[in-house]
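Remarks on the overall topology
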Amino acid sequence: MPSPTPTDPRQPEPAAELDKPLTLDVVRYLMRNNWSRLPGKTLVVLSQDAEGNGFSPLSTYCHERYSPVYDLRGETYPLHSALAKDKELRELYPEIPDDAVAALVLYPLG
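Residues numbered from 1 in each chain as written. Predicted model: local features only at pLDDT ≥ 70, side-chain atom pairs only at ≥ 80, totals over all residues. Heavy atoms only, no water.

Side chains of Leu 24, Val 44, Leu 58, Tyr 61, Leu 104 and Leu 106 sit close together on the surface and give an oily, nonpolar patch of about 560 Å² of accessible area. Among the secondary structure elements, those contributing two or more residues to the nonpolar patch are strand S2 (55-68) and strand S4 (101-108). Position of Leu 106 among the secondary structure elements: in strand S4. (Patch = residues over 30% accessible without salt bridge, like charges linked within 9 Å, V, L, I, M, F, W, Y side chains within 5 Å. Areas by Shrake-Rupley, 256 points an atom, 1.4 Å probe, with all protein chains shown as cover. Salt bridge = Lys/Arg side-chain N within 4 Å of Asp/Glu carboxyl O. Helix = DSSP H or I, 4+ residues; strand = E, 2+ residues; numbered from the N terminus.)

See the structure below:
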């Protein structure tokens, strides 16, 4: 698989690609450049883990906040805007870590 052009400042160096989390800037770059010629019916599949132990098609997504809990695993929390609109949601999430950042969360089908 071709790697992103390392001269693009948003891109990680090729050797470090698998060692850093992807940002939406990198995904957009890949969509425009590396993946733009893939057929529209190409299935998007998520791996269960970094070693490739199990796979499932991408099913849906949401925009939330992410906070790392363990080395490369963490939890997601509602955005401020969602909490402002929903009292029950605020009660479910009375405390959200200060390090929680906006994230596009992708969910597998299975």
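On we go.
Those residues of helix H1 (residues 24-32) not exposed but buried are Val 26, Tyr 29 and Leu 30. Buried residues of H1, viewed axially, fall in a sector of 100 degrees; they line one side. (Buried < 20%, exposed > 50% of the residue type's maximum accessible area, 1.4 Å probe, protein only. Arc of directions from axis to C-beta.)

Right, let's get into the packing of aromatic side chains. Inspection of the entire model under this criterion finds one aromatic pair. Residues Tyr 77 and Tyr 93 carry aromatic rings whose centres are separated by 6.0 Å and whose planes lie at 80 degrees to one another, so their mutual orientation is edge-to-face. Here the residue Tyr 77 occupies a position in strand S3 (residues 74-77), and Tyr 93 occupies one in the loop between helix H3 (87-92) and S4, the gap between them amounting to 16 residues. For Tyr 77, a relative accessible area of 13% puts it in the buried group. When its relative accessible area of 30% is taken as the criterion, Tyr 93 is described as partly exposed. (Phe/Tyr/Trp six-rings, centres within 6.5 Å; stacked < 30°, edge-to-face > 60°.)

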